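Take a look at the letters that make up each chain.
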Amino acid sequence: METQTTSSNPLGTEKVTGLMIKFAIPSIVAMVIGAVYNIVDQLFIGHAVGTLGNAATNVVFPLTTSCTALALLFGIGGSACFNLNMGRGETKKAAHYIGNALVMLVLSGIILCTVAEIFMTPLLRGFGTPDNVFPYAKEYLRVTAIGFPFLILTTGGGHLMRADGSPKMTMICSLTGAILNIFLDALFVLGFDWGMTGAALATIIGQIVSGTIVILYMRGFKTVPLKPGHLRLRWEYVKQITVIGTSPFFNQIFMMVVQIVMNNSLTYYGALSVYGEAIPLACCGIIMKVYQIFLSVIIGLSQGAQPIESFNYGAKKYGRVREAYFVALVYGLVISLASFVFFRLFPRQILEWFGSNTEEYFEFGVLFFKIFMFFTWLNFLQPITANFFTAIGKPKKGVFLSLTRQLIYILPLIIVLPIRFGLIGLLYSAPIADLLAAVTTVLMVWAELRGMKRLEQAKDSVITTV
């Protein structure tokens, strides 16, 4: 029997708020930097190419979301399994989860890259690409697809490094690639006038450098030494990683589905409005990527809580699990309120960062900000809670939460409301879905915390009896 005392691990002993700061801040920085990759391209493309270029990056974005989904599936799945097993003292078993997760990250990236290159035209058409945007989207995707394996490895590998107790390394890895991306964007797009291809090249070079750093780190994994045998895929480990990682994976997949339906709806109903096809598509792309920065902070916060929640749940320290969850909620509320105020006060100024445009463009963009993101101040609840369920080894509940907002609520509203109310109905789909998802989240987590409290009382009773 393997032995590993939980009393010596800081995840089970140090102050929860201190651990949250230690793990969450680098995680937040890493997630925000990931969002900045797309924002930077949008900024330079907006100034150098214009509305059609920004619309092109928007229709390609579902594939970037697919990369994130795969990275979270194997990254969060692998790290949660690792921490849960470390909490139980099963160190030898824990190492296999890291090795198998690492291999699956690389393989999934290669497969997605191949699919994107072979089926590029039907994919872009299915994503709702108008004819005047299609050449720009194809030019951009043909290059960025090459970087998919490195993007998935960087994002997913960050979770594995965090599980190893190195959250700062996750931040350094992402920051290096982002800084390089910004520099090369300025050089290729503005300096060499390479347009969409220049922006795409800058992106993948940054991703390749970040992915290389992940590989170098994994060769010196700290908590347990990784050996070649740990990299050999075994169904029992891949299955458990996949089961645990399904919640964040499906959340991203359903986001991708919503993005595709949204793009097609914006194109169709935009053509019937005064704004035309390209303006709604371009505005949505810009605003959703700005929103991704807010969402990245929230997800980074939830990921910072994950090692604490997983380890202590495995060690049956339920009070610390609840404390980590509530600390994440408090921080999430503060961030959400600040973002809501910012989006309400400065929508036009945010749009102007991405280049000058027509008055119709700004009119629709401001409307999108104020209606579509009205419940930004509630949108911290679902991601933090879904990741909480994943962290404690209950992925089915996390998956259901992901289903509620993305598939059960917002997707039908995106389809139905525009039929009656046109383009404006599409905008109102998000706040309605956000409110319903928040109510569902509160009800589910309240029941879970009550159950956890009973487990803690039962454990205390056994200790007292002994």
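Residues numbered from 1 in each chain as written. Predicted model: local features only at pLDDT ≥ 70, side-chain atom pairs only at ≥ 80, totals over all residues. Heavy atoms only, no water.

Novice: Can you help me understand the overall build of the chain in this one?
Specialist: For the chain, the helix and strand inventory stands at 17 helices and zero strands. For a compact globule of 466 residues, the expected C-alpha radius of gyration is about 23 Å, and the chain comes in at 22 Å, within 12% of that figure. The principal-axis extents of the C-alpha atoms in the chain amount to approximately 75 × 45 × 35 Å. Across the 466 residues in the chain, those meeting the buried criterion constitute 61%. Of the contacts formed within the chain by residues at least 6 apart in sequence, a portion of 83% connects residues at least 24 apart. About 18100 Å² of surface is accessible on the chain, with carbon and sulfur atoms providing 69% of the total. Looking at charge distribution, the chain has the averaged site of its 33 positive side-chain charges lying 12 Å from that of its 22 negative ones. (Helix = DSSP H or I, 4+ residues; strand = E, 2+ residues; numbered from the N terminus. Rg over C-alpha atoms; globule rule 2.2 N^0.38 Å. Buried < 20%, exposed > 50% of the residue type's maximum accessible area, 1.4 Å probe, protein only. Contact = heavy atoms within 4.5 Å. Areas by Shrake-Rupley, 256 points an atom, 1.4 Å probe, with all protein chains shown as cover. Lys, Arg positive; Asp, Glu negative; His and termini not counted. Charge placed at Lys NZ, Arg CZ, Asp CG, Glu CD.)

Novice: How should I be thinking about unusual backbone geometry in this particular structure?
Specialist: Outside of glycine, negative phi angles account for most residues, and trans bonds account for most peptide bonds. One non-glycine residue, Asp 193, lies in positive phi territory at about 60 degrees. In this structure, Lys 316 takes a positive phi of about 60 degrees despite not being glycine. Counting through the fold element by element, Lys 316 comes out in the loop between α11 (278-314) and α12 (318-345).

Novice: Help me out: how do you make sense of the pattern of salt bridges in this one?
Specialist: Any two side chains of opposite charge can pair if their charged atoms end up close together. In total, this model carries eight salt bridges according to the counting rule given. Between Arg 348 and Glu 352 there is a salt bridge, and its shortest N-O distance comes to 3.3 Å. Taken together, the positions of Arg 348 and Glu 352, both in helix α13 (residues 347-352) and four residues apart, correspond to about one turn of that helix. Across the pair Lys 397 and Glu 448 runs a salt bridge, and its minimum N-O distance is 2.5 Å. Taken as a pair, Lys 397 in helix α16 (residues 395-421) and Glu 448 in helix α17 (residues 423-465) lie far apart in primary sequence, 51 residues in all. Overall, Lys 397 belongs to the partly exposed group, its relative accessible area being 33%. One salt-bridge network, in which partners are shared between bridges, spans Arg 348, Glu 352 and Glu 359. (Salt bridge = Lys/Arg side-chain N within 4 Å of Asp/Glu carboxyl O.)

Novice: Which parts of the structure should I look at to understand a nonpolar patch on the surface?
Specialist: Where nonpolar side chains cluster on the molecular surface, the patch consists of Leu 367, Phe 421, Ile 424, Tyr 428, Ile 432 and Leu 436 and spans about 500 Å² of accessible area. Per element, the largest residue contribution to the nonpolar patch is four residues, and it comes from α17. Note on placement: Phe 421 falls in helix α16. (Patch = residues over 30% accessible without salt bridge, like charges linked within 9 Å, V, L, I, M, F, W, Y side chains within 5 Å.)

Novice: How should I be thinking about the confidence of the model for the chain in this particular structure?
Specialist: It should be kept in mind that the predicted coordinates are not to be read in detail where pLDDT is low. Here the chain shows a mean pLDDT of 87. Residues at 70 or above account for 96%. Across residues 1-5, where pLDDT falls below 50, the model places nine contacts with residues more than four positions away in sequence or in other chains. (pLDDT = per-residue confidence, 0-100.)

Novice: What is the right way to look at the side chain of Thr 144 in this model?
Specialist: Looking at the secondary structure, you find Thr 144 in helix α6 (residues 134-144). Overall, the relative accessible area of 7% leaves Thr 144 in the buried class. There is a polar contact of 3.0 Å between the side chain of Thr 144 and the backbone oxygen of Tyr 140. Non-local contacts of Thr 144, meaning those with residues more than four positions away in its chain, are made with Ala 200 and Ile 204. (Polar contact = N/O pair within 3.5 Å; in protein donor to acceptor, adjacent residues only side chain to side chain.)

Novice: I would appreciate a short explanation of the nonpolar core in the present structure.
Specialist: If you look at soluble globular proteins, the nonpolar side chains tend to sit buried side by side. In this structure, Met 20, Phe 148, Phe 364 and Phe 388 are the most contacted members of the largest nonpolar core, which totals 149 residues. Residue contributions to this core peak at 19 residues, all from α11. Filtering out sequence-adjacent residues up to four positions away, Phe 148 remains in contact with Leu 63, Cys 67, Gly 109, Leu 112, Cys 113, Ala 116 and Leu 141. (Core = buried A, V, L, I, M, F, W, Y, C linked by side-chain atoms within 4.5 Å.)

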